[in-house]
There are 2 protein chains.
Amino acid sequence: MDVRTLCLGALMGGEATGYEIRKMFDDGTFSHFQIASLGSIYPALTKLTQDGMVTFVEHEQENKPDKKIYQLTSEGRRTFLRTLLQTRPAEDRYRSDILFMLTFAEEMPIELTEALIDEFAARHELMSMQIDPDNPDKPAHQKFHGRDEDGKPSPGCCFVAGLGQAMCNATVKFIRENKQGLLDELRNRKANKP
Amino acid sequence: MDVRTLCLGALMGGEATGYEIRKMFDDGTFSHFQIASLGSIYPALTKLTQDGMVTFVEHEQENKPDKKIYQLTSEGRRTFLRTLLQTRPAEDRYRSDILFMLTFAEEMPIELTEALIDEFAARHELMSMQIDPDNPDKPAHQKFHGRDEDGKPSPGCCFVAGLGQAMCNATVKFIRENKQGLLDELRNRKANKP
DNA sequence: TGTGTCATGTAACACGTTACATGATTCG
DNA sequence: CGAATCATGTAACGTGTTACATGACACA
């Protein structure tokens, strides 16, 4: 799924600026399973405008660049929905430097191993909180997506969010239960065969 | 982490051909948290050879291209270890078309939603089995990595594998518990507001 | 005073993907 | 008989990343 499609999807939840779309992928609704950077979003929106998939209204602001608020056209909406029906989803891809590095824990100082594990856990704890679509102390910008007239998040969103939280929580739990064991074993090995 | 570093890491577990390295990322030890395709591995190995990080021995084979068995040089080993100590790990990145699509479940036929969920679950079940470093009915090529003299997988590998399994299992469990609820709610909504 | 947020945009660059080329063997 | 496995390699191509450019305001 290229950035253009992702932008269309982001706009399915209502109008937004490029900057706000990035936040949905950075902080918000899509943050745990898709990535898109500003450097790819802006060109994508330009292209989508040219193709008639989105339109924008410029809002003047003092001392800031004009805000461009983008919105799906009916053509854009149709195109996105068609894509949804026709696309064979690509394989999931997960890349984690930390896990790769931890594979070589035996070759590292134990303090580094521990730091990496803690960082991994911290990231997942944070993520788990960010994901909750009804988290009350979350900034408004994270609440854009997939809500019906009453402001309730859509069932699809809830399901995906719940799944994301389950994954994060399982990760954190595993670490809580297994970190010490790993560190102990590493210390043992170092003691026996240095 | 670029492909060159990943290849060095792969060779930390012993000698291997390019083809076998790909399998470690496809099927094997690294498959659940890193990706590398043949089209990037071969050029990386060439470059690493030029830089003195690896060497290879050519084994003739009948009716097949000669097999090049690569091995770390001591320089390559040192370089990899240094990278390990000095690299600030990049953020994890997970991309899932399926989860993105499921976000829009309300806009899809229910059969498609269900099919996507089932596929997601199936992929994670498969992954969970592939991950187990001691799975007996796993082809030998998946057993390359991170083993000590006795053939036992290294503690780092075990930890990372366990973590991967925990994530997969949590995913599968969540789906088992929540899929039907989602489908029911979607059906309800369709019945009420078509 | 420096960092972060809001806000857009461009462009060089690195990187990996995909497809192509080759070819025997094995498995269903 | 077609598909998959083993086995390497090249090259065009598309894609996204990174860094740069600009600038005000708020917060610590």
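Note: the structure precedes this text.
What comes next concerns the included structure. (Residues numbered from 1 in each chain as written. Chains lettered and ligands numbered in written order. Predicted model: local features only at pLDDT ≥ 70, side-chain atom pairs only at ≥ 80, totals over all residues. Heavy atoms only, no water.)

## Concerning the environment of Leu-183 of chain B
Residue and element names in this part refer to chain B.
So, point 1. In this structure, Leu-183 sits in helix H7 (residues 155-192).
So, point 2. For Leu-183, a relative accessible area of 0% puts it in the buried group.
So, point 3. For the pair formed by Leu-183 and Glu-106, sequence separation is 77 residues and the distance between their alpha carbons is 9.9 Å.
So, point 4. If sequence neighbours within four positions are ignored, Leu-183 has contacts with Ile-110, Thr-113 and Glu-114. (Helix = DSSP H or I, 4+ residues; strand = E, 2+ residues; numbered from the N terminus. Buried < 20%, exposed > 50% of the residue type's maximum accessible area, 1.4 Å probe, protein only. Contact = heavy atoms within 4.5 Å.)

## Section: the pattern of salt bridges
As a working rule, side chains carrying opposite charge can pair if their charged atoms are close by.
So, point 1. Tallying each qualifying case throughout the model produces 22 salt bridges over all chains.
So, point 2. Between Asp-118 of chain A and Lys-179 of chain A there is a salt bridge, with its nearest N and O atoms 2.8 Å apart. With Asp-118 of chain A in helix H6 (residues 110-131) and Lys-179 of chain A in helix H7 (residues 155-192), the pair connects residues that are 61 residues apart, well separated along the chain.
So, point 3. Across the pair Glu-119 of chain B and Arg-123 of chain B runs a salt bridge whose closest N-O atoms are separated by 2.6 Å. With Glu-119 of chain B and Arg-123 of chain B both in helix H6 (residues 110-131) and four residues apart, this pair spans about one turn of that helix.
So, point 4. Here Arg-123 of chain B falls in the buried class, since its relative accessible area comes to 17%.
So, point 5. A single network of salt bridges, built from pairs that share partners, joins Arg-88 and Asp-92 of chain A together with Glu-119 and Arg-123 of chain B. (Salt bridge = Lys/Arg side-chain N within 4 Å of Asp/Glu carboxyl O.)

## Considering the protein's contact with DNA strand D
So, point 1. Neighbouring DNA strand D are 19 residues, the closest being Ser-37 of chain A together with Tyr-19, Gln-61, Lys-67 and Lys-68 of chain B.
So, point 2. When the atoms of DNA strand D within 4 Å of the protein are sorted by group, sugar and phosphate make up 72%.
So, point 3. Between Tyr-19 of chain B and DNA strand D, the recorded distance is 3.0 Å, taken from a backbone N or O atom to a phosphate oxygen.
So, point 4. Between DNA strand D and the protein, one listed contact pairs a phosphate oxygen with a side-chain N or O atom of Lys-67 of chain B at 3.2 Å.
So, point 5. Taken together, the elements giving at least two residues each to the surface near DNA strand D come down to helix H3 (38-50) of chain A together with helix H2 (18-26), helix H3 (38-50) and strand S2 (67-72) of chain B.
So, point 6. By residue class, the composition of the surface near DNA strand D is five nonpolar, seven polar and seven charged. (Near = heavy atom within 4 Å. Polar contact = N/O pair within 3.5 Å; in protein donor to acceptor, adjacent residues only side chain to side chain. Nonpolar A, V, L, I, M, F, W, Y, C, P; charged D, E, K, R; others polar.)

## Here's the deal with the interface of chain A and chain B
So, point 1. Contact with chain A, which involves 69 residues of that partner, is made by 69 residues of chain B.
So, point 2. With both chains or domains summed, chain A and chain B bury close to 6,700 Å², and 67% of this area falls on carbon and sulfur atoms.
So, point 3. Contact with chain B buries surface across chain A, with Arg-95, Phe-100 and Phe-159 of chain A losing the most and accounting together for 12% of the total.
So, point 4. There are four salt bridges connecting chain A and chain B.
So, point 5. Taken together, the links from chain A to chain B amount to 19 residue pairs in polar contact (both at pLDDT 80 or more).
So, point 6. Looking at the side of chain A that touches chain B, the elements that each hand over two or more residues are helix H1 (3-11), helix H4 (74-86), strand S3 (93-95), helix H5 (97-102), H6 and H7 of chain A. (Buried area = accessible area lost by both parts, 1.4 Å probe.)

## Looking at helix H4 (residues 74-86) of chain B
Note: α-helices contain 3.6 residues per turn, so residues at a spacing of three or four share the same orientation.
So, point 1. The first and last C-alpha atoms of H4 of chain B sit 18 Å apart over 13 residues, in line with the 18 Å expected at 1.5 Å per residue.
So, point 2. Those residues of H4 of chain B that sit buried are Gly-76, Thr-79, Phe-80 and Leu-84 of chain B. Each buried residue of H4 of chain B lies within a common arc of 140° when the element is viewed along its axis, so the set occupies one face. What points out from H4 of chain B, more than 90 degrees from its buried face, is the exposed set Ser-74 and Gln-86 of chain B.
So, point 3. Buried residues along H4 of chain B sit in contact with H5 and H6 of chain A together with helix H1 (3-11) and S2 of chain B. (Expected span 1.5 Å × (residues − 1). Arc of directions from axis to C-beta.)

## Quick look at the relation of the copies chain A and chain B
So, point 1. Relative to chain B, chain A is turned by 180° and slid 0.0 Å along the rotation axis, the superposed coordinates differing by an RMSD of 0.0 Å. The superposition operator between the copies reduces to a two-fold rotation axis. The C-alpha atom lying nearest the rotation axis in chain A is that of Tyr-94 of chain A; the distance is 2.1 Å.
So, point 2. Looking at chain A, 100% of its interface residues are interface residues in chain B too, so the copies touch through the same face. (Least-squares fit on C-alpha atoms with pLDDT ≥ 70 in both.)

## Structural notes on the nonpolar core
A general feature of soluble globular proteins is that nonpolar side chains tend to end up buried together.
So, point 1. In this structure, Ile-21 and Leu-102 of chain A together with Ile-21 and Leu-102 of chain B are the most contacted members of the largest nonpolar core, which totals 94 residues.
So, point 2. Discounting chain neighbours no more than four positions away, the residues touching Ile-21 of chain B are Cys-7, Ala-10, Leu-11, Ala-16, Ile-41 and Leu-45 of chain B. (Core = buried A, V, L, I, M, F, W, Y, C linked by side-chain atoms within 4.5 Å.)

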